[in-house]
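Next come the chains, spelled out residue by residue.
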Amino acid sequence: MSELTDQEYGKVAEDTLNSLLVYLEDISDNLDIEEIDVEYTQGVLTLSVMYIGTYVINKQPPNKQIWLSSPISGPERYDFDQTKNAWFCRHTDESLGALLTRELSKALKHKLVLPIK
């Protein structure tokens with residue numbers, strides 16, 4: 001994975017979390033899904049899913065990573081791959097978008113297409 005500058009990291013991480021926030025707020029409203037509550041403040045996106053638990057997705061600027069804490073799969077760290085334009089876990093080689101799409105689609109019983117890879 002290629003190295004991002006601090007400025008590039010800040011932009012891509014912020015864009016990722018903001019796009020997730022907008023998407024999750026929209027599906028909550030448009031699909032009338034009351035089981036979720038989403039909040040984003042100071043680089044931390046918190047998604048509470050009724051009967052499942054809370055997802056915490058946050059920026060880690062010193063490592064240039066995004067960290068995820070999932071109530072289903074546990075904690076993981078993601079590095080940005082500029083060639084694939086996606087955040088990938090080194091241990092599983094799964095993208096953040098793929099993991100969240102899979103877990104949230106199952107938890108919410110709706111086929112979701114998240115705005116991130």
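Described below are features of the structure shown in this document. Everything quoted here is computed from the prediction, not taken from an experiment. (Residues numbered from 1 in each chain as written. Predicted model: local features only at pLDDT ≥ 70, side-chain atom pairs only at ≥ 80, totals over all residues. Heavy atoms only, no water.)

Some remarks on the sheet that holds strand β5 (residues 74-81)
The strand order across the open sheet formed by six strands is β1-β2-β3-β4-β5-β6, and the pairing between neighbours is antiparallel. Since the sheet does not close on itself, it has two edges, and those belong to β1 (36-41) and β6 (86-88), each with one partner. Here the strands of the sheet are splayed against their neighbours by 20 degrees on average, with no regard to which way each runs. Summarising the sheet, β1 and strand β2 (residues 44-49) pair through six bridges and their orientation is antiparallel. Bridged to I36 within β2 is V49. Of the strands in this sheet, β1, β2, β3 (53-60), β4 (65-70), β5 and β6 are in contact with helix α1 (residues 6-30), which crosses β1 at around 150 degrees. Strand contacts of helix α2 (residues 96-108): β1, β2, β3, β4, β5 and β6, with the helix running at about 25 degrees to β4, the strand carrying the most contacts. (Pairing = 2+ DSSP bridges. Helix = DSSP H or I, 4+ residues; strand = E, 2+ residues; numbered from the N terminus. Axes fitted to C-alpha atoms, helices over the stretch in contact; angles between N-to-C directions. Contact = heavy atoms within 4.5 Å.)

Describing α2
For α2, built from 13 residues, the straight-helix expectation of 18 Å at 1.5 Å per residue is met to within 8% by its first-to-last C-alpha distance of 18 Å. α2 sits mainly inside the fold: ten of its 13 residues count as buried. Among the residues of α2, L96, G97, L99, L100, T101, E103, L104, S105, A107 and L108 are the ones counted as buried. At the C-terminal side of α2, K109 shows a positive phi close to 55 degrees. (Expected span 1.5 Å × (residues − 1). Buried < 20%, exposed > 50% of the residue type's maximum accessible area, 1.4 Å probe, protein only.)

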